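Close look at the chain arrangement
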Amino acid sequence: MKRIAIIGGGISGLAAAFALEKSPRDGTPLEYALYESSPRLGGVLVTEHVDDCLVEAGPDSFLTEKPWATDLCRELGLEDQLIGSNDPDRKTYILVKGELVEIPDGLMFMVPTKILPTVLSPLFSARTKIRMAEEWFHPPRKADGDESVASMVERHYGAEMVDRLADPLLSGVYGGEASRLSVRAVLPRFAEMEAKYGSLGRAMLAARGKMPRSANGPRPLFTSLKDGMQQLVDALVSRLTPSALQTNAPVQSVQLQNGGWLVSAGYASDQFDAIILATPAQIAAGMIQTASPQLAFELCRIDYTSSITINLAYDRSVRSALPPGFGFLVPRSEGRRMLAATFVHNKFPHRAPLDRALLRCFIGGANSEEVLGFGDDQILGIVRDELRQIIGLTADPLFVRVHRWKSAMAQYGVGHLERLQRIENLLVGLPGLALAGNGYRGIGVPDCIRSGRDAAAKALAAVGLAEAATSTRA
Ligand SMILES: Cc1cc2nc3c(=O)[nH]c(=O)nc-3n(C[C@H](O)[C@H](O)[C@H](O)COP(=O)(O)OP(=O)(O)OC[C@H]3O[C@@H](n4cnc5c(N)ncnc54)[C@H](O)[C@@H]3O)c2cc1C
């Protein structure tokens, strides 16, 4: 009997468990155990149903372009439950000097691909528009080392583009700052495009020309599930062996012993042939400290930020008074606590009845860890005050839900890929150990699913089920 332990029951750990569950074992008996410290599985994927509204406490969707989440949903029989974002209504605003300004059409991340909407947009000053025109002639740059996203964007388009677009867009995804995040880890395609074309604008147009056209028209930017992200967790859990799932089981340490791994959780220890650490990297560092202080050192240096989501429901009058579109982003220079707000009722169907508005606001991110210690009333006070100032919203909400996510968002700092290489090298000396989670090669749900699946393949290979692992990957 081969035994594999998975530590962490978020989407990464659950994806790993599912890959083990369905792996062909060539007659070799395989047993796995999943340890989760909290009373529930799913990690930051949490959906609540409140007053006919669907409230997402953590992620609300995933990028359609990254296939691993959609593929998993299909495998789980959830294909008919997938829903796309209402892209015909997709408009996003940026707060500029207290006013909401629409992001112009044709802007791909921060790269303009349509001239007229960009030239006419009040989002940028004349100086930045001139920089955009000059960017077309940007010479190719040898990919010689990493830099921050801010530094790359500033070289191409100037500081205003960093402040008004790159930074708010990244704080929406990572809760991080463009000046700290690694361009090679966070925007690898941009680094490649710059090396080949020089101009990001020219590169983006060339890439768009090569994209296959779908017979069914463009795919939605975001995909979710009719019943929310929890539906994915529930479907996964229903396919796992119930006796393998241990909740309220925080693991303290993992130690190499007799050619395998000893997992200590509470007063109990158990021996495994391979283990998958699927917790945030800094927690994994604590567990592995004795077995490999060097690996713990590297894992510990992957930073995380915290965030708070505040869902607020309103009545029909608010819904009709809100601007159209998906919501707004708030640049740091505006001096607010709020990072972004989503108009949930516009972004996806099945989220709120037609006579309700549902708003999802975010606060937190880099340099704002103290908000995590604020009480719900204080947080609500901040959010309502800022909603009043930004969109003139003074009505009392019908209900409010506040969710805190401490150290949940990994920050890929400059040099992250080099750190990952050092981690890979250290793992060679730690047979049977695999890592999964949002601390490594992608923070979004699809990347986490891929990381769990790949870690399962590695663990299977380590216990001598390599062929099975390969066919699982295929
Ligand atoms: C507010 C928010 C909004 C987001 N929005 C999106 C979005 O819209 N789209 C998108 O693609 N991504 C989004 N993300 C990112 C994405 O959801 C996460 O990166 C991903 O879900 C992380 O999954 P994970 O399994 O790696 O980690 P987690 O979900 O953090 O799971 C780790 C698990 O390990 C457990 N654990 C910790 N310590 C121990 C221990 N000692 N022993 C046992 N278990 C332990 C934890 O309890 C937890 O359940 C969002 C994240 C947040 C926080």
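So, here's what we can say about the structure. Computed from a prediction, not measured in an experiment: that's the story for all the values here.

Looking now at the overall build of the chain. In terms of helices and strands, the chain carries 18 helices and 22 strands. Over its C-alpha trace the chain gives a radius of gyration of 23 Å, about what one expects of a compact globule, namely 23 Å for 474 residues. For the chain, the C-alpha atoms occupy an extent of roughly 65 × 55 × 50 Å along the three principal directions. Evaluated residue by residue, the chain yields a buried proportion of 55% over its 474 residues.

Moving on to the site of the ligand. Around the ligand, the surrounding shell holds 36 residues, and the nearest of these are Ser-12, Glu-36, Ser-61, Ile-443 and Val-445. Between the ligand and Ile-11 there is a distance of 3.1 Å, counted from an oxygen atom to a backbone nitrogen or oxygen. Between Val-445 and the ligand, the recorded distance is 2.8 Å, taken from a backbone N or O atom to an oxygen atom. Where the shell around the ligand is concerned, the elements lending two or more residues are helix 1 (11–21), helix 11 (281–288), strand 17 (303–315), strand 21 (399–411) and helix 17 (445–462).

The geometry of helix 12 (residues 293–300) relative to helix 16 (residues 416–428) is characterised by a closest axis approach of 10 Å and an angle of 155° between their N-to-C directions. Between helix 12 and helix 16, the interaxial angle falls into the category roughly antiparallel. Seen along the crossing, helix 12 lies across helix 16 with a hand that is left-handed. Residues Gln-294, Leu-295, Glu-298 and Leu-299 of helix 12 touch helix 16, and the partners they reach there are Arg-419, Arg-422, Ile-423, Leu-426 and Leu-427. Of the residues belonging to the contact of helix 12 with helix 16, the class tally is five nonpolar, one polar and three charged.

This part is about the pairing of strand 3 (residues 47–50). Bridging between strand 3 and strand 4 (residues 53–56) involves four bridges; their strand directions are antiparallel. Considered in strand 4, the bridge of Thr-47 is made with Glu-56. Hairpin connection from strand 3 to strand 4: two residues lie between these consecutive antiparallel strands, with Asp-51 at a positive phi of about 50°.

Now for the sheet that holds strand 14 (residues 260–265). With antiparallel pairing, the three strands of this open sheet are ordered in space as 13-14-15. Strands at the two margins of the open sheet, each flanked by one partner only, are strand 13 (251–257) and strand 15 (268–272). Neighbour-to-neighbour, the strand axes of this sheet turn through a mean angle of 20°, independent of strand direction. Inspection of the sheet shows strand 13 paired to strand 14 by six bridges, in the antiparallel sense. Note that in strand 14 the partner of Val-251 across the bridge is Ala-265.

When two helices pack together, their arrangement is captured by the angle between the axes and the distance separating the axes. Closest axis-to-axis distance for the helix 1/helix 10 (residues 230–238) pair is 10 Å, and the angle between their directions is 35°. Every pair of crossing elements has a handedness; the one defined by helix 1 and helix 10 is left-handed. Where helix 1 approaches helix 10, its residues Ile-11, Leu-14, Ala-15 and Phe-18 are matched on the opposing element by Leu-232, Val-233, Leu-236 and Val-237.

Residues Ile-115, Leu-116, Val-119 and Leu-120 make up a contiguous nonpolar surface patch of roughly 460 Å² in combined accessible area. Here Leu-120 shows up in helix 3 (residues 115–120).

Further remarks concern the sheet that holds strand 12 (residues 245–246). The strand order across the open sheet built from five strands is 12-2-1-16-22, with neighbouring strands paired in parallel fashion. In this open sheet, the two strands that pair with only one neighbour each are strand 12 and strand 22 (433–435).

Our next topic: the pattern of salt bridges. Across all of its chains, the model carries 28 salt bridges by this definition. Between Asp-71 and Arg-74 there is a salt bridge, with its nearest N and O atoms 3.9 Å apart. Highlighted residues: Asp-71 and Arg-74, both in helix 2 (residues 67–75), separated by three residues, approximately one helical turn. When the shortest N-O distance is used, the salt bridge between Arg-141 and Glu-147 registers 3.3 Å. The class of Arg-141 is partly exposed, set by a relative accessible area of 29%. Via salt bridges that share partners, Arg-141, Glu-147, Arg-155 and Glu-194 belong to a single interconnected network.

Reading the values: rules and limits
- Residues numbered from 1 in each chain as written.
- Predicted model: local features only at pLDDT ≥ 70, side-chain atom pairs only at ≥ 80, totals over all residues.
- Heavy atoms only, no water.
- Helix = DSSP H or I, 4+ residues; strand = E, 2+ residues; numbered from the N terminus.
- Rg over C-alpha atoms; globule rule 2.2 N^0.38 Å.
- Buried < 20%, exposed > 50% of the residue type's maximum accessible area, 1.4 Å probe, protein only.
- Near = heavy atom within 4 Å.
- Polar contact = N/O pair within 3.5 Å; in protein donor to acceptor, adjacent residues only side chain to side chain.
- Axes fitted to C-alpha atoms, helices over the stretch in contact; angles between N-to-C directions.
- Parallel < 35°, antiparallel > 145°, perpendicular 65-115°, else oblique.
- Left-handed = near helix turned anticlockwise from the far one by under 90°.
- Contact = heavy atoms within 4.5 Å.
- Nonpolar A, V, L, I, M, F, W, Y, C, P; charged D, E, K, R; others polar.
- Pairing = 2+ DSSP bridges.
- Patch = residues over 30% accessible without salt bridge, like charges linked within 9 Å, V, L, I, M, F, W, Y side chains within 5 Å.
- Areas by Shrake-Rupley, 256 points an atom, 1.4 Å probe, with all protein chains shown as cover.
- Salt bridge = Lys/Arg side-chain N within 4 Å of Asp/Glu carboxyl O.

Shape is all these values report; function is a separate question.
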